[in-house]
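An overview of the molecular structure
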Amino acid sequence: MINISPMVRYIVTWFKQLALLIMQFQVPAPQSIIQGAYGLAGIVTAVLVIAKLSKRPNLDAIPTVGCSTWLGSWWAGIRYFSNGADVLREGYERHKGTLFKVAELYRWTVIASGSQFVEELRKASDDELSFAEAANENLKLEYTLGHNVHHNPYHVPIIRLQLTRSIGVLCPDMKDETVTAFEEILDLRDNEWKSVPALQAVQKVLCRTSNRIFVGLPLCRNPDWIDLTVNFALDVVKGGVMIGLFPSVIAPIVARFMTNVPGSARRAVKHLGPIIEERRKCLEEYGKDWADKPNDFLSWLMDDPQGSQTSVEDLSMRILTLNFAAIHSFTQALYSLAANPQYMQPLREEVESIVETHGWSKGALVKMRKIDSFLKESQRMEGVGVVGITRKVMKDFTFSDGTVLPTGTIVTVASEGTQLDNEIYDNADMFDPFRFATMRDQDGEGTKHSFASTSPDYLLFGHGRQACPGRFFAANELKSMLAWVVFAYDVKLEENAARPQSLYIGSAIAAHPTAKVMFRKRVY
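It should be emphasised that the depicted structure is a prediction, and the values quoted were computed from it without experimental measurement.

1. Focus: helix α16 (residues 330–339)
Counting buried positions along α16 gives 9 out of 10 residues, so the element sits mostly inside the fold. Looking at α16, one finds that the buried residues are F330, T331, Q332, A333, L334, Y335, S336, L337 and A338.

Now the structure itself:
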């Protein structure tokens, strides 16, 4: 018989975690929303019960972590939401190299581990295992990003090809915005130390730097645009969770009236509409290559045959979508640097020696192996999630061991378990910032162990055909930021502070939302 008291504690923890997630992004919660949350809690409970009663793929042959009974799995789903990392660690230890399943709030998810399963997932075709449909199921992208963005992602080839090819040309703009943003946001005086809320500062710098490339000056520095794009990712996640709690037949109504996404779209159009119309006038009057044409992602979208015919609203949502993908977890690396000041000097020496010869360029960033390794090691230990390569089964799929996943199943990989496995990485539970730089030196490999590379043992950016198309841009952006921090500033944690602990919410990992890092201008 199930003890109800632990269930109550888990439910309370669940709502506390939601509150922490909201606090992480400093989203205001009006009194009406707070009051409505209590009523929503009852609705959520009822919907979850109905979901558990509805027909689900038959996964009885796959081992379960936690309880597999009807009521027990509901409790296990709440436990997974509030402490998913521990559930997956337990599963990885018990079922390493095989498949197991865990209960989420309203479904079962199959977890794979081991390079063989990763390779089989990587090789599967989109009509067998779909990344896009898994993302749609998790975040309800048809409603949060819109039908056109989800079903016609013509912006993705532009990311993969044109953005990646243009990194070298765009490096000076990226560096300029990084420097300016840090100076303005940190606002340091003389040689005094200043305590700064790390996550909020990093989000603004990243937002400005990314949008310098996405939409250019002066919009990338507009305070309302920064606020909009920083919070859009949370709007999508919260909206996806909210929509998922209700029957699909009323999903459009929930998306329109119970999420922030429509309001965010209107704000984006307000900012981008005049810019798009002005650029269209120039295209009509002067042709595709007029003088002083901005070289940014918005221009590339408008040059695309599909983008040239689409609406302002559609272009705006695609730019917001880029920002959804561009808010990276640089904060984790900053926490690691502040907690380990002994690594500042070797990083600084690398940056100075390379910049002296090659300047601040893409070529210089390529040569910064210690900077690259520091970022990769930080993400190995404190990434953005405990799972990776998530797919939805579009038709019954059979693994090489004979296990059959029925249509509709969600399957993913235990990425954190893999990346913290001592059989894969020596002393895997230790932070070794130059681990991957040493591996590159030993193997003589130029890119095999670089930050942007993927493998069955490192899944931050996914793996295979569906690996993150913007990972090369992201890697260069983050490397440029870290290189500038070690070049221009001293950083440390507040006195007697330990490295801020991450928040684990379901399978997601979030950098600590309120911790501070101390900065001062570098003392020469």
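2. Topic: the packing of aromatic side chains
Counted by the stated rule, this structure contains 16 aromatic pairs. Here the aromatic rings of W360 and W484 are separated by 5.8 Å at their centres, their planes lie at 65°, and the arrangement is edge-to-face. On the criterion of sequence distance, the pair formed by W360 in the loop between α17 (344–358) and α18 (362–367) and W484 in helix α22 (residues 471–488) is long-range, its members being 124 residues apart. Judged by its relative accessible area of 23%, W360 is partly exposed. For W484, a relative accessible area of 11% puts it in the buried group. With 5.9 Å between their ring centres and 90° between their planes, Y489 and F519 make a pair best called edge-to-face.

3. Some points on the UniProt feature "binding site: heme" (unreviewed entry) in the protein chain
Listed under "binding site: heme" (unreviewed entry) in the UniProt record, and renumbered for this structure, are C468. Looking at the element boundaries, C468 is found in the loop between α21 (435–443) and α22.

4. Some thoughts on the side chain of T109
Mapped onto the elements of the fold, T109 is located in strand β2 (residues 108–112). A distance of 2.5 Å separates a polar atom in the side chain of T109 from a polar atom in the side chain of E104.

5. A word on the nonpolar core
Judged by nonpolar contacts, the single largest core of 92 residues is most densely connected at F297, F330 and F519. With 10 residues, α22 is the largest single contributor of residues to this core. F297 has contacts with H155, I158, I159, L163, I213, F214, I319 and L322, leaving out every residue within four places of it along the chain. Formed by 21 residues, the second largest nonpolar core is a distinct cluster that contains W108, A112, V118 and V413.

6. Brief notes about a nonpolar patch on the surface
On the surface, V249, I250, I253, F257 and M258 cluster together into a nonpolar patch covering about 520 Å² of accessible area. Within the fold, M258 resides in the loop between α12 (251–257) and α13 (261–286).

7. Some thoughts on the side chain of E177
Along the chain, the position of E177 falls in helix α9 (residues 167–186). Since its relative accessible area comes to 0%, E177 is described here as buried. Looking at E177, its side chain comes within polar contact range of the side chain of R221, at 2.9 Å.

8. Some remarks on the sheet that holds β2
An order of β1-β2-β8-β5-β3 is seen for the 5 strands of this open sheet, with the pairing classed as mixed. Either end of the sheet is taken by a strand with one partner, and the two such strands are β1 (99–103) and β3 (129–130). In terms of strand pairing, β3 meets strand β5 (residues 388–393) through 2 bridges, oriented antiparallel. Paired with S130 across the bridge in β5 is K392. With respect to the sheet, helix α3 (residues 70–95) is in contact with β1 and β2, its orientation differing from that of β1 by roughly 160°. Across the sheet, helix α5 (residues 131–139) touches β3, β5 and β8 (410–413), and the angle it forms with β5 is around 90°.

9. With respect to the packing of α16 against helix α19 (residues 369–381)
Following both chains from N to C, one finds α16 and α19 inclined at 105°, their axes separated by 9 Å at the closest point. The orientation of α16 with respect to α19, classified from their angle, is roughly perpendicular. Where α16 approaches α19, its residues F330, Q332, A333, S336 and L337 are matched on the opposing element by F374, L375, S378 and Q379. Of the residues that constitute the contact of α16 with α19, the class distribution is 5 nonpolar, 4 polar and no charged.

10. Examining the environment of S373
Relative to the elements of secondary structure, S373 occurs in helix α19. Ignoring any residue separated from it by four or fewer positions in sequence, one finds S373 in contact with P433, F434, R435, F436 and A437. Looking at S373, its side chain comes within polar contact range of the main-chain nitrogen of F436, at 3.0 Å.

11. So, helix α11 (residues 223–244)
Its 22 residues give α11 an end-to-end C-alpha distance of 32 Å, which sits within 8% of 32 Å, the value for a rise of 1.5 Å per residue. At F232, α11 shows its maximal bend, which comes to roughly 35°. Within α11, 16 of the 22 residues are buried, leaving the element largely enclosed by the surrounding structure. The opening residue of α11, the one whose side-chain oxygen lies 2.9 Å from the backbone nitrogen of D224, is N222.

12. Considerations on unusual backbone geometry
Only a minority of non-glycine residues have a phi that is not negative, and only a minority of peptide bonds are not trans. Note that the residue after L217, namely P218, is joined by a cis bond; omega there is 0°. Mapped onto the elements of the fold, P218 is located in the loop between α10 (198–214) and α11. Positive phi, normally seen in glycine, also occurs at K140, with a value near 50°. Checked against the element boundaries, K140 lands in the loop between α5 and α6 (141–144). Phi at D190 is positive, roughly 50°, even though this residue is not glycine.

About the cut-offs
Residues numbered from 1 in each chain as written. Predicted model: local features only at pLDDT ≥ 70, side-chain atom pairs only at ≥ 80, totals over all residues. Heavy atoms only, no water. Buried < 20%, exposed > 50% of the residue type's maximum accessible area, 1.4 Å probe, protein only. Helix = DSSP H or I, 4+ residues; strand = E, 2+ residues; numbered from the N terminus. Phe/Tyr/Trp six-rings, centres within 6.5 Å; stacked < 30°, edge-to-face > 60°. UniProt positions renumbered as here; feature names shortened; annotations may be inferred. Polar contact = N/O pair within 3.5 Å; in protein donor to acceptor, adjacent residues only side chain to side chain. Core = buried A, V, L, I, M, F, W, Y, C linked by side-chain atoms within 4.5 Å. Contact = heavy atoms within 4.5 Å. Patch = residues over 30% accessible without salt bridge, like charges linked within 9 Å, V, L, I, M, F, W, Y side chains within 5 Å. Areas by Shrake-Rupley, 256 points an atom, 1.4 Å probe, with all protein chains shown as cover. Salt bridge = Lys/Arg side-chain N within 4 Å of Asp/Glu carboxyl O. Pairing = 2+ DSSP bridges. Axes fitted to C-alpha atoms, helices over the stretch in contact; angles between N-to-C directions. Parallel < 35°, antiparallel > 145°, perpendicular 65-115°, else oblique. Nonpolar A, V, L, I, M, F, W, Y, C, P; charged D, E, K, R; others polar. Expected span 1.5 Å × (residues − 1). Bend = angle between axes of the 7 residues up to and from the residue.

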